[in-house]
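Working through the structure, step by step
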Amino acid sequence: MKRLVVLGGGESGVGAAVLAKKQGMDVWLSDMGHIKPKYVEMLNRYDISWEDGGHTEEKILNADEIVKSPGIPDTAPLVSKAIGLGIPIISEIELAGRYTDAKMVCITGSNGKTTTTLLTYHILKQAGLNVGLAGNVGNSLALQVATDPHDVYVIELSSFQLDNMYDFKANIAVLLNITPDHLDRYDYKMENYAAAKFRIMRNQTKDDSFIYWEDDPIIARQLQHIDTEARLLPFADRDDERCAAYIKDGIMCFDVDGQPWQIPTGELSLVGRHNMYNSMAAGLSASLLHIKKDVIRHALADFQAVEHRLEYAGTVDGVRYINDSKATNVNACWYALESMTEPVVLILGGVDKGNDYTEIEHLVKEKVRAIVCLGKDNAKLHSFFDGKVPVVTDASSMAECVDKCRQLATAGSTVLLSPCCASFDLFRNMEDRGDQFKALVKSMMNK
């Protein structure tokens, strides 16, 4: 009997354990932290052996194969030992792909992948397909394959998940963009991070498709060195009829398999340049799956925006408050600032992942009137932004931050939480950061 060890007792790890158990494997799950009660209940229900609060080394290093949570780096001591012993280490996505022949629509990119994943899922759901939502959103792919199988899956994939995928194949692969992010996991080398993103094309054949942003310089450079049989479908936010999707005179145009269709950009539910890319990528994916044009148009027009991504939180004293907590890298903040039409009080800070703030420097100088640095260590932010905007100040809690923003903002301006950084210094996660921001704005509105 094959022995499979799962490291990590969250959504992906428990899903992998359930699938392996249903496939008749000897399964052991181990988590350094504490497993949530809902996952404990699931493990016990499927009679899966587990531990939390630490790792029992001898029970892990006797594995035939290890499924590793995406959040655990290869440099973790136990993982390094397993690699040294030659134990194969895979992702939950890799495991799930072995036990389904469903079509896979896989979406990655430094920014926009959650929105594009949810938008694509929304279109396919509207079309009546038996579709599952997986990866960084929805339930784990492995759990769905084990307990609730679908004909098609729309999967959001981070670079961490792609790192440990080997035989898995995307029928439709989407790469939205590549900008510096998570460089701390890739030896601070952009080429390593880009290579991880391009693993989404791995194993694609002539029957598969690769959708990508035509004007991303890193994607263009990387494509020159890739030999693939996959069909290439670029998109661009300009008039370029060589692309499978493009913008012409305010019209979003698509042309797949000689079946052109259009939608005015003013009818799209999502606004801003970055959302043009997301809408084109989702529209192309749906077109490849032969969804009717009217269904795609309608779904693109009535989709609800993603929480924590340029989410309107409320207006207080004539000042708009925007929650963009999901902006955990510099490029995501660039898109947020690019869409602002009013003077901005900008909230930055958190765990820096090797950020280069020069990308947003010109937008900050043009649009930002004050910066509130929200984090335990704001030295790098001060070093870069001091003297470039009238006010740069600090806050050590969200309550203090919002109070300072209220003092600094004037009627007709916007307070924008778009931190450029991870949230783990002061918050449980980026959702907690955004939720605290929204709750404080709501409290101000109710006074």
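Now for a look at the structure at hand. (Residues numbered from 1 in each chain as written. Predicted model: local features only at pLDDT ≥ 70, side-chain atom pairs only at ≥ 80, totals over all residues. Heavy atoms only, no water.)

Turning to the state of the cysteines, a few remarks are in order. The full count for this structure, using the stated rule, is 0 disulfides. The thiol of C243 is unpaired, and the distance to the nearest cysteine sulfur, on C253, comes to 11 Å. Owing to a relative accessible area of 5%, C243 belongs among the buried residues under this scheme. Given the relative accessible area of 5%, C253 is considered buried. (Disulfide = S-S within 2.5 Å. Buried < 20%, exposed > 50% of the residue type's maximum accessible area, 1.4 Å probe, protein only.)

Here we come to empty space enclosed by the protein. Evaluated as defined, the whole model comprises 3 cavities of 30 Å³ or more. There is about 60 Å³ of room inside the largest cavity. V6, L7, S12, G13, V67, K68, S69, P70, S91, E92, I93 and Q161 are the residues that line the largest cavity. Among the elements of the structure, β1 (3-7), α1 (11-22), β4 (65-68) and α5 (92-97) are those that each provide at least two residues to the lining of the largest cavity. Class assignment for the residues of the lining of the largest cavity results in 5 nonpolar, 5 polar and 2 charged. (1 Å grid on protein atoms, 1.4 Å probe; cavity = no way out; pocket = protein on both sides within 12 Å on 5 of 7 lines; lining within 4 Å. Points joined across faces, edges and corners; volume = space filled by probe spheres on them. Helix = DSSP H or I, 4+ residues; strand = E, 2+ residues; numbered from the N terminus. Nonpolar A, V, L, I, M, F, W, Y, C, P; charged D, E, K, R; others polar.)

This next bit is on the packing of helix α6 (residues 113-126) against helix α12 (residues 293-302). The N-to-C vectors of α6 and α12 enclose an angle of 135°; their axes lie 9 Å apart at closest approach. The orientation of α6 with respect to α12, classified from their angle, is oblique. Relative to α12, the crossing made by α6 is right-handed. Every residue of α12 that contacts α6 at L119, H122, I123 and Q126 is listed here: V295, I296, H298, A299, L300 and D302. Its residues placed into classes, the contact of α6 with α12 shows 6 nonpolar, 3 polar and 1 charged. (Axes fitted to C-alpha atoms, helices over the stretch in contact; angles between N-to-C directions. Parallel < 35°, antiparallel > 145°, perpendicular 65-115°, else oblique. Left-handed = near helix turned anticlockwise from the far one by under 90°. Contact = heavy atoms within 4.5 Å.)

Ranked by size, the top nonpolar core spans 66 residues in total, and within it F235, L337, L346, I360, I371 and F385 carry the most contacts. No other element matches the 8 residues that helix α11 (residues 273-288) contributes to this core. In this structure I371 touches L346, L348, V364, F385, V389, V391, V392 and T393, once residues within four positions along its chain are discounted. Residues L4, A20, L141 and V145 belong to the second largest nonpolar core, which totals 51 residues. (Core = buried A, V, L, I, M, F, W, Y, C linked by side-chain atoms within 4.5 Å.)

Note: strand β13 (residues 251-256) against strand β14 (residues 259-264), 6 bridges, orientation antiparallel. Opposite M252, over in β14, you have I263 as the bridge partner. (Pairing = 2+ DSSP bridges.)

Each pocket or cavity is described by its volume, and for the largest pocket that value is around 1800 Å³. In terms of lining residues, the largest pocket is bounded by 50 residues, among which N136, F424, N429, M430 and E431 are the most central. Residue assignment for the lining of the largest pocket shows that the elements contributing at least two residues are α1, α6, α8 (159-163), α9 (190-197) and α17 (430-446). For the lining of the largest pocket, a count of residues per class yields 11 nonpolar, 23 polar and 16 charged. Roughly 320 Å³ of internal volume is contained in the second largest pocket. Surrounding the second largest pocket, 17 residues form its lining, V271, N275, R309, L310 and S339 being those nearest its centre. For the lining of the second largest pocket, the secondary structure elements donating two or more residues are α11 and β16 (319-323). Partitioned by chemical class, the residues of the lining of the second largest pocket number 8 nonpolar, 7 polar and 2 charged.

Glancing now at α1. Given a rise of 1.5 Å per residue, 12 residues ought to cover 16 Å, and the 17 Å separating the end C-alpha atoms of α1 matches this to within 8%. The element α1 is largely enclosed, with a buried count of 9 among its 12 residues. Among the residues of α1, those classed as buried are S12, G13, V14, G15, A16, A17, V18, L19 and A20. The elements touched by buried residues of α1 are β1, β2 (26-31), α2 (37-45), β4, α5 and α7 (141-147). Positive phi shows up at G24, right after α1, with a value of about 85°. (Expected span 1.5 Å × (residues − 1).)

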